[in-house]
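As a plain string of letters, each chain reads:
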Amino acid sequence: MRASLSTLLIAAALLAPVAAHAAGDWKGGPGYRTFVIGDETTPTPDPVKGGFLLSGGGDWNYDAFRWFTAHAGHGHLVVLRASGTTESQDEFYNQVKGLASVRTFLFTARRAASDPRLVDAVKHADAIFIAGGDQSNYVRMWRGTPLNDAIDAAVAANKPIGGTSAGLAVQGSWLYGAMDGGSITSDEALKDPLGKAVTVEGDFLHSPQLAHVFTDSHFDVRGRLGRLVAFVAKTSTLSPATKLAGLGIDEASAMTVEADGTARFYATDPKKHAWLVLPGTVKTLEAGKPLEESGVKVIGLNAGSQFNIVTQTVDRPAFTRTYDASGGALKQRMTWSLAIHGGAGVIDRGDLTPERDAAYRGALNQALAAGQAVLEKGGSALDADEAAIEVLEDNPLFNAGKGAAIAADGKVYLDAAIMDGGTQRAGAVAALTTTKNPILAARAVMEHSRHVFLAGDGADAFARAQGLTQVDPSYFHTPEREKMLEEWRKDQHAALDPTHMYGTVGAVALDADGHLAAATSTGGLTGKEWGRIGDSPVIGAGTYARDGDCAVSATGTGEYFIRDSAARQVCDRVRWNHEDIDKAAYDTIMSVGAIGGDGGLIAMDAQGKPSFAINDLGMYRGAVSSSSPAPRTAIYQDETLK
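These numbers were taken from a predicted model, which means no experiment stands behind them. (Residues numbered from 1 in each chain as written. Predicted model: local features only at pLDDT ≥ 70, side-chain atom pairs only at ≥ 80, totals over all residues. Heavy atoms only, no water.)

Chemist: Tell me about the pattern of salt bridges, residues and numbers included.
Modeler: Per the counting criterion, the structure on display carries 28 salt bridges. Residue glutamate 201 pairs with arginine 143 through a salt bridge whose shortest N-O separation is 3.1 Å. Residue glutamate 201 is found in strand 9 (residues 200-201), and its partner arginine 143 is found in the loop between helix 6 (135-142) and helix 7 (146-156); the two are separated by 58 residues along the sequence. When its relative accessible area of 14% is taken as the criterion, glutamate 201 is described as buried. Salt-bridge contacts for aspartate 587 lead to arginine 573; the nearest nitrogen and oxygen are separated by 3.7 Å. One end of the pair, aspartate 587, is in helix 18 (residues 581-594); the other, arginine 573, is in helix 17 (residues 566-576), with 14 residues separating them in the sequence. Residue aspartate 587 shares its accessibility class with arginine 573, and that shared class is buried. Residues joined by salt bridges that share partners form a network here, namely Arg546, Asp549, Arg568, Asp572 and Arg575. (Salt bridge = Lys/Arg side-chain N within 4 Å of Asp/Glu carboxyl O. Helix = DSSP H or I, 4+ residues; strand = E, 2+ residues; numbered from the N terminus. Buried < 20%, exposed > 50% of the residue type's maximum accessible area, 1.4 Å probe, protein only.)

Right, here's the structure in full:
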């Protein structure tokens, strides 16, 4: 029996993709309008892969959006919105590019979310994108509807879901609904987190990968950290069993999330971040009262960070901060630490006159104060190390900068290095002869060149090009060092002043953002020959820093520290052997000693604990921290910091 023409047409309509029965003059339906660009009859060219696009609002980051179109198989996208018209579809098709078609559904009433033709179009789309606007419209119009089910089904079918601004805000398992028609500020939310204006909503979109995330957008420019902390706190009363984290995305940036939870952050501006908010200890959470919560951990994510949104694990964070909520305000804890050294040697009690002892301690205190001034204001560990070392380089008591050791040819050759534990960037210089502060040159190499290590005339030329202060080589000479050279020429062993055998200076620091940094500067050995360079500027030997593990600066017989990779060895012992910083530092300096090396090192762990390891009789050293803001110094091996 032959089927009728009408039967065949109905069957074809049921079997055809949405492109076929969504095309034509379809302009809308009850409670919605629709627009389309591109060819909806084109087959999807590539495989479709699941994932999420979380865009913070404002300008789009096209690299992230091209990730989204690729996950859509470069096929057919449906845009859902409750305001505007075709802005998103036009930008997708004409600027992002790479899609066969983009269809927009503009909602004006809740009944549209039950329209069979609209819901069927969403079901057949390769990807779904939720535009910006007012998220309360989405909650009111979509929650509990066939459209809501269709979006959840798309996630289950491993199709990508994206959104910007309000379209980002609704993707987490919990969201701020803005149901009262306003947009609550951080101050308002912190003052009364259980108030009616904090309209936290749940049971909307159901994505397993985002099941423990509360998302927020426009994060930086609108100061939304406080309100996200309040949102997460309130949600804990609504769903106590949920281990919830907040995730804020800055404007003009985005995060992409693979189906396995692996996330990547995109931004052209390095000052933009994603903000992972992990709750602390709630002390007061009552209606009409300010939130009292201590130890809120906030982790910044940038393009170099590795993040899994499911496990909430982070490697290489842009920063790690701790906040306390109290009295309706959020305050960052300025947790920081700084340790320095001024060289090691055979420094026994009684070797130094009281005046010289006091002079060394005074110099160490000045250096600590310079670094402390940086860290107390929330400055970086790099800046603190640099500030401390610059003070020591300018003090002729130390073998770095003015007063540095003089080589066999009668000249002063200066070495320095600096390393950022967060980015693993480093800069080093060697054999400088006219640059006043070598540590500034090392920092400039790190930040203003594509190199790590410059030496000799070229290093001085680079420093001049960077505008760093230059001096006549005679500036570095002091009568004391001249005398040491004369003694060396008579008897090479006599030149090794037992009270300052290795006068290298160094600093390690932890800043309030949780970053570690290390820096070292030296004039090397009295009477050094043939262009000798020690461990100080060698990354991994005399200087090393790695966030999460440690920062190290060494002083001593550099040849042995180089051979033993001493600075990095400390950090590797922390990471791979799970040693605490004291044991890692001690075991390393003993390892250096076992092959014939003398000296010491300073190290700092990820929590800011300093450690001083010495296999000589002394080391000029000091420390200061947010928990012990009075500078403390020591010289002799058996002396504790005081």
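Chemist: How would you explain the side chain of glutamine 135 if you had to name every residue and give the values?
Modeler: Looking at the secondary structure, you find glutamine 135 in helix 6. For glutamine 135, a relative accessible area of 10% corresponds to the buried category.

Chemist: Got a sec to walk through the side chain of serine 136? Specific residues and values, please.
Modeler: Summarising the element assignment, serine 136 is placed in helix 6. Within the structure, the side chain of serine 136 is placed 2.7 Å from the side chain of aspartate 134, a separation counted as a polar contact. Once residues lying within four places of it in the same chain are set aside, the contact partners of serine 136 are Gly177, Ala178 and Met179. (Polar contact = N/O pair within 3.5 Å; in protein donor to acceptor, adjacent residues only side chain to side chain. Contact = heavy atoms within 4.5 Å.)

Chemist: Outline the pairing of strand 19 (residues 319-326), listing residues and values.
Modeler: Only one face of strand 19 is buried: it carries Phe319, Arg321, Tyr323 and Ala325, and the other face, with Thr320, Thr322, Asp324 and Ser326, is open. Examined bridge by bridge, strand 16 (residues 292-301) and strand 19 share six bridges and lie antiparallel to one another. Paired with isoleucine 299 across the bridge in strand 19 is threonine 320. Judged from the four bridges that link them, strand 19 and strand 20 (residues 329-332) form a sheet pairing that is antiparallel. Directly across from aspartate 324, in strand 20, lies its bridge partner lysine 331. Between the antiparallel neighbours strand 19 and strand 20 lie two residues, among them glycine 327 with a positive phi of about 60°. (Pairing = 2+ DSSP bridges.)

Chemist: For the pairing of strand 16, give the residues involved together with the corresponding values.
Modeler: Judged by how many residues are buried, strand 16 sits mostly within the fold: seven of ten residues are covered. Note: strand 14 (residues 274-278) against strand 16, five bridges, orientation antiparallel. Paired with valine 277 across the bridge in strand 16 is valine 298. Note: strand 15 (residues 281-284) against strand 16, three bridges, orientation antiparallel.

Chemist: Summarise the sheet that holds strand 23 (residues 426-432); cite the residues concerned and give the values.
Modeler: Within the open sheet, the eight strands sit side by side as 24-23-22-26-25-21-31-32. Their pairing is mixed. One side of each edge strand has no neighbouring strand; the edge strands of this open sheet are strand 24 (453-455) and strand 32 (632-636). Recorded for the sheet is a direction-independent mean angle of 10° between the axes of neighbouring strands. Here strand 22 (residues 414-420) pairs with strand 26 (residues 516-522) via six bridges, running antiparallel. Residue pairing in the sheet places isoleucine 418 in a bridge with alanine 519 of strand 26. (Axes fitted to C-alpha atoms, helices over the stretch in contact; angles between N-to-C directions.)

Chemist: Got a sec to walk through unusual backbone geometry? Specific residues and values, please.
Modeler: One non-glycine residue, histidine 74, lies in the positive phi region at around 55°. Relative to the elements of secondary structure, histidine 74 occurs in the loop between helix 3 (62-71) and strand 4 (76-81). Assessed through its relative accessible area of 27%, histidine 74 is described here as partly exposed. Even without being glycine, arginine 316 reaches a positive phi, approximately 60°. Tracing the backbone shows arginine 316 in the loop between strand 18 (313-315) and strand 19.

Chemist: Just give me the short version of the sheet that holds strand 6 (residues 127-130), but keep the residues and values in it.
Modeler: Here we have eleven strands laid out as an open sheet, ordered 1-2-5-4-6-7-3-12-13-17-18, and mixed in their pairing. With partners counted over all chains shown, the strands left at the sheet margins are strand 1 (28-29) and strand 18, one partner each. When strand 13 (residues 262-267) meets strand 17 (residues 306-308), the two strands line up antiparallel, connected through two bridges. The residue bridging alanine 263 from the neighbouring strand is phenylalanine 307, located in strand 17. Against the sheet, helix 7 touches strand 3 (51-55), strand 4, strand 5 (101-107), strand 6 and strand 7 (160-164), its axis set at about 120° to strand 7.

Chemist: How would you summarise the layout of surface pockets if you had to cite specific residues and measurements?
Modeler: By volume, the largest pocket amounts to about 690 Å³. Around the largest pocket, the lining is made up of 30 residues, and of these Thr320, Gly514, Asp547, Gly548 and Ala606 lie nearest the centre. Taken together, the elements giving at least two residues each to the lining of the largest pocket come down to strand 16, strand 18, strand 19 and helix 17. In terms of residue count, the dominant contributor to the lining of the largest pocket is strand 19 (three residues). Grouping the amino acids of the lining of the largest pocket by side-chain chemistry returns eight nonpolar, nine polar and 13 charged. What the second largest pocket holds in volume is close to 530 Å³. As for the second largest pocket, its lining consists of 26 residues, and the residues nearest its centre are Asn302, Ala318, Asp420, Thr423 and His515. Of all elements in the fold, only strand 19, helix 12 (381-393) and strand 26 reach the threshold of two or more residues within the lining of the second largest pocket. Looking at the lining of the second largest pocket residue by residue, the class counts come to eight nonpolar, ten polar and eight charged. (1 Å grid on protein atoms, 1.4 Å probe; cavity = no way out; pocket = protein on both sides within 12 Å on 5 of 7 lines; lining within 4 Å. Points joined across faces, edges and corners; volume = space filled by probe spheres on them. Nonpolar A, V, L, I, M, F, W, Y, C, P; charged D, E, K, R; others polar.)

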